[in-house]
Amino acid sequence: SHFLLAGVDYAPGPKLSASARVGVEFRSRSGASGEDSPYAELSTKYEYGEQSFVSAGYVFSLEETSNVALYTDIQVNRLFVNVQHAFTPALVGSGSINYEPSTLQGRRGLSPDRDETTVRVGLALTYQARRNWSGSITVDFDNVSSDDAARELDRTRFGVSARYQF
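Residues numbered from 1 in each chain as written. Predicted model: local features only at pLDDT ≥ 70, side-chain atom pairs only at ≥ 80, totals over all residues. Heavy atoms only, no water.

Colleague: What exactly am I supposed to notice about the side chain of Ser136 here?
Modeller: Within the secondary structure, Ser136 sits in strand β8 (residues 133-146). What makes Ser136 buried here is its relative accessible area of 15%. Ignoring any residue separated from it by four or fewer positions in sequence, one finds Ser136 in contact with Leu125, Thr126, Gly159, Val160 and Ser161. (Helix = DSSP H or I, 4+ residues; strand = E, 2+ residues; numbered from the N terminus. Buried < 20%, exposed > 50% of the residue type's maximum accessible area, 1.4 Å probe, protein only. Contact = heavy atoms within 4.5 Å.)

In structure tokens, the structure reads:
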């Protein structure tokens, strides 16, 4: 595949920025017809304090699926909001939510197109212990509601991590 992407960034002030990207991926495949895959992204970010911001946006893409036997691609509309807030210089909380209404594109003669909606929510608390060390506690909630019952998903994941930067 070959990918062409163009974009623009705009910052009307020191705390507000916006970006736009458009592109196309030219795909050729064995076992299925080649397809041009459009891509578009719009996003904005507002920094309301030191290490604190809110960002939101929209992405349209045509992505490969995990079940290539039945589906060629999945057409995704992704809406997202991210928040990061510094409680202290060393303690930062963050959260994100993605809402993704999608359409699975079935292989001709094998499977019809099917609708699917994915919702992802993530929360994290990060402590900067020293200049190079940080630790995080995370929780992620994922829900996939699909016309293809085999793709249904409802999960919660917890994580603890330590990070050293040099």
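Colleague: Any chance you could explain the side chain of Thr65 here in plain terms?
Modeller: Summarising the element assignment, Thr65 is placed in the loop between β4 (52-63) and β5 (71-86). Judged by relative accessible area, which is 10%, Thr65 ranks as buried. A polar side-chain atom of Thr65 sits 3.3 Å from the main-chain carbonyl oxygen of Asn67. Among residues more than four places away in sequence, those in contact with Thr65 are Tyr71, Thr72, Asp73, Ile74 and Leu104. (Polar contact = N/O pair within 3.5 Å; in protein donor to acceptor, adjacent residues only side chain to side chain.)

The values are spatial; any link to function lies outside them.
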